[in-house]
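# Tertiary structure, described
Listed below, chain by chain, are the residues.
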Amino acid sequence: MSLPPARDLDGGRYAIRFDALDVDAVHAMLSRAYWCRGIPRDTVAKAMANSLCASLYCGDAQVGIARWVTDRATFAYLCDVFVHEDHRGLGLGDWLVGEGLKHPDLQGLRRQLLFTADRHRLYARHGFEPLATPERGMEIVRPNLYQTP
C-alpha cells in the first residue's frame with residue numbers, strides 16, 4: 001500500500017495506519033464501548049492480532065480503531081469502530097471507515113457485514129444497507145459477557 005492517508009484537523013495531525021497498533025490504547029477505548037464494556041485486554045489483543053485493523057493516530061497516540069474480521073477473499077465483518085471522545089466531531093470515524101474499505105484485502109469480497117446501534121447514516125455513506133434477507137440470519141448473543149464474573 002502507498003503512504004498512509006493523513007489530515008491536519010483541529011490542531012492535530014491525523015494518520016490512518018494498517019501497520020501499527022497500540023493494544024493498550026485500543027483496550028482503553030473499547031472497554032468503554034457499549035458493545036464490549038469491560039472487555040479484557042487479552043481478548044482485545046487476540047482479536048486485533050487476528051483481524052485487519054485500521055488504526056487512527058494523532059501524532060504518536062492511537063485515538064481510533066476500525067477492525068475487519070475477514071478471510072480476505074469472500075467475507076468481512078466490520079466491528080470495533082471507535083474514535084476517542086476527545087477527537088470526535090471532526091469526521092474522523094467516517095474517514096477511518098472510508099479509508100479502511102479501500103484496503104486491498106477488502107476488495108472483491110462477496111459480502112461485508114456490520115452491526116450498529118446508532119451510526120446507520122455513517123455506514124450508509126459507505127454502501128452499507130439494511131440486511132436484504134434478515135429472516136435468513138441467525139446469531140448467538142451474549143450481552144454483558146465481559147461484565148460477568
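These notes cover the structure that comes with them.

Rules and cut-offs
Residues numbered from 1 in each chain as written. Predicted model: local features only at pLDDT ≥ 70, side-chain atom pairs only at ≥ 80, totals over all residues. Heavy atoms only, no water. Helix = DSSP H or I, 4+ residues; strand = E, 2+ residues; numbered from the N terminus. Rg over C-alpha atoms; globule rule 2.2 N^0.38 Å. Buried < 20%, exposed > 50% of the residue type's maximum accessible area, 1.4 Å probe, protein only. Areas by Shrake-Rupley, 256 points an atom, 1.4 Å probe, with all protein chains shown as cover. Core = buried A, V, L, I, M, F, W, Y, C linked by side-chain atoms within 4.5 Å. Contact = heavy atoms within 4.5 Å. Pairing = 2+ DSSP bridges. Phe/Tyr/Trp six-rings, centres within 6.5 Å; stacked < 30°, edge-to-face > 60°. Lys NZ or Arg CZ within 6 Å of the ring centre and 35° of its normal.

A word on the overall build of the protein chain. Along its length, the protein chain carries four helices and six strands. What you see in the protein chain, going N to C, is helices and strands ordered as β-β-α-α-β-β-β-α-β-α. Its C-alpha radius of gyration of 15 Å places the protein chain within 12% of the 15 Å reference for a compact globule of 149 residues. Counting all 149 residues of the protein chain, 38% fall into the buried class. When the accessible surface of the protein chain is totalled, it reaches about 9,400 Å², and 50% of it is carbon and sulfur.

Turning our attention to the nonpolar core. The tendency in soluble globular proteins is for nonpolar side chains to be buried side by side. Counting 24 residues, the largest nonpolar core has Tyr-14, Leu-56, Ala-66, Trp-68, Leu-78, Val-97 and Tyr-123 as its most contacted members. Going through the elements one at a time, β2 (12–17), β3 (52–58), β4 (61–70), β5 (75–83), α3 (92–101) and α4 (120–124) are the ones with two or more residues in this core. A per-element tally of this core places α3 first, with five residues. Among all residues touching Val-97, those that are not within four sequence positions of it are Trp-68, Leu-78, Val-81, Leu-122, Tyr-123 and His-126. Met-29, Ala-33, Cys-36 and Met-48 belong to the second-largest nonpolar core, a separate cluster that totals twelve residues.

With seven of its nine residues buried, β5 lies for the most part within the structure. Sheet topology note: the β4/β5 ladder contains six bridges and is antiparallel. In the sheet register, Thr-70 faces β5, and the bridge partner there is Ala-76. If you look at the hairpin formed by β4 and β5, you'll find four residues sitting between the two strands, and Arg-72 has a positive phi there, around 65 degrees.

All right, on to helix α1 (residues 23–30) then. Working note: α-helix, 3.6 residues per turn, so residues spaced by three or four point in the same direction. The element α1 is extensively covered by neighbouring structure, given that six of its eight residues are classed as buried. Looking only at α1, the buried set comprises Val-23, Ala-25, Val-26, His-27, Met-29 and Leu-30. Where the residues of α1 are buried, they touch α2 (41–49), β4 and β5.

Turning to unusual backbone geometry, a few remarks are in order. One non-glycine residue, Arg-72, lies in the positive phi region at around 65 degrees. With respect to the helices and strands, Arg-72 occurs in the loop between β4 and β5. Phi is positive for Asn-144, which is not a glycine, with a value near 60 degrees. Within the fold, Asn-144 resides in the segment after α4.

Going through the model one piece at a time under the given rule, you end up with four aromatic pairs. Relative to Trp-35, the ring of Tyr-34 has its centre 5.0 Å away and its plane inclined at 85 degrees; by these criteria the two rings are edge-to-face. With a relative accessible area of 35%, Trp-35 lands in the partly exposed category. Put simply, the rings of Tyr-34, Trp-35 and Phe-82 pair up and form one aromatic cluster. Here the basic side chain of Arg-17 rests over the ring of Tyr-57, its NZ or CZ set 5.9 Å away from the ring centre. The ring of Phe-82 carries the charged tip of Arg-88 above its face, separated from the ring centre by 4.9 Å.

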